[in-house]
Amino acid sequence: QVQLVESGGGLVQTGGSLRLSCAASGRTLGSYAMGWFRQAPGKKREFVAAIRWGGGNTYYADSVKGRFTISRDNAKNTVHLQMNRLNPEDTAVYYCAAAMAVSTKAEQYDYWGQGTQVTVSS
């Protein structure tokens, strides 16, 4: 059993920043990739960013590239998403997830957190 818990969401003005965290517990995830997804009301869940526990390569959706940064702390089983220059289109529930390999497809992820709300006001 793996549990993922997101934190760090909140309300921010356009142009502001937030830092999300995802703490993993339970079985080890050393061979897994970690991803961030988001889902806005009435929209499908979409890929945001991903990183491997065992490597430094990172992957980003075009919509967030240059504004968001994903990072990891393997010793603490924690991944982070630094979000800068936020705009109202970034408003969504943000989820972290774990997969056997890096993917932009939500259906390929095995474990999910319950999400944290990010709201960007204009």
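Nothing here was measured: the structure is a model prediction, and the numbers come from that model.

Some remarks on the environment of Asn87
And then number 1: Along the chain, the position of Asn87 falls in the loop between strand 8 (78-83) and strand 9 (92-99).
And then number 2: With 33 residues separating them along the chain, Asn87 and Gly54 place their C-alpha atoms 32 Å apart.
And then number 3: Among the polar contacts made by the side chain of Asn87, one reaches the main-chain amide nitrogen of Glu89 at a distance of 2.9 Å.

Considering the nonpolar core
And then number 1: Counting 36 residues, the largest nonpolar core has Leu4, Leu29, Met34, Trp36, Leu81, Met83 and Tyr94 as the members making the most contacts within it.
And then number 2: Of all elements in the fold, only strand 1 (2-7), strand 3 (18-26), strand 4 (33-39), strand 5 (46-52), strand 7 (68-73), strand 8, strand 9 and strand 11 (116-121) reach the threshold of two or more residues within this core.
And then number 3: For this core, the leading source of residues is strand 9, giving 6 residues.
And then number 4: Leave out the neighbours within four places in its chain, and Tyr94 touches Glu6, Leu20, Trp36, Phe37, Arg38, Val48, Phe68, Leu81, Met83, Gly115, Thr116 and Val118.

Re the state of the cysteines
By definition, a disulfide links the sulfur atoms of two cysteines through a covalent bond.
And then number 1: Scanning the entire structure with this criterion turns up 1 disulfide.
And then number 2: Disulfide pairing places Cys22 opposite Cys96 at an S-S distance of 1.8 Å. One quick way to see it: the torsion about the S-S bond of Cys22 and Cys96 is about 40°, and its sign makes the bridge right-handed. Highlighted residues: Cys22 in strand 3 and Cys96 in strand 9, separated in sequence by 74 residues.

Describing the sheet that holds strand 7
And then number 1: The antiparallel open sheet is built from 4 strands, whose spatial order is 1-3-8-7. Of all the strands in the sheet, just strand 1 and strand 7 have a single pairing partner and so form its edges. Strand-to-strand, the axes of this sheet are offset by a mean angle of 15°, without reference to chain direction.
And then number 2: Pairing analysis gives 6 bridges linking strand 1 to strand 3, with the strands arranged antiparallel. Looking across to strand 3, one finds that Leu4 is bridged to Ala24.

Analysis parameters
Residues numbered from 1 in each chain as written. Predicted model: local features only at pLDDT ≥ 70, side-chain atom pairs only at ≥ 80, totals over all residues. Heavy atoms only, no water. Helix = DSSP H or I, 4+ residues; strand = E, 2+ residues; numbered from the N terminus. Polar contact = N/O pair within 3.5 Å; in protein donor to acceptor, adjacent residues only side chain to side chain. Core = buried A, V, L, I, M, F, W, Y, C linked by side-chain atoms within 4.5 Å. Buried < 20%, exposed > 50% of the residue type's maximum accessible area, 1.4 Å probe, protein only. Contact = heavy atoms within 4.5 Å. Disulfide = S-S within 2.5 Å. Pairing = 2+ DSSP bridges. Axes fitted to C-alpha atoms, helices over the stretch in contact; angles between N-to-C directions.

This is a description of form; function is not addressed.
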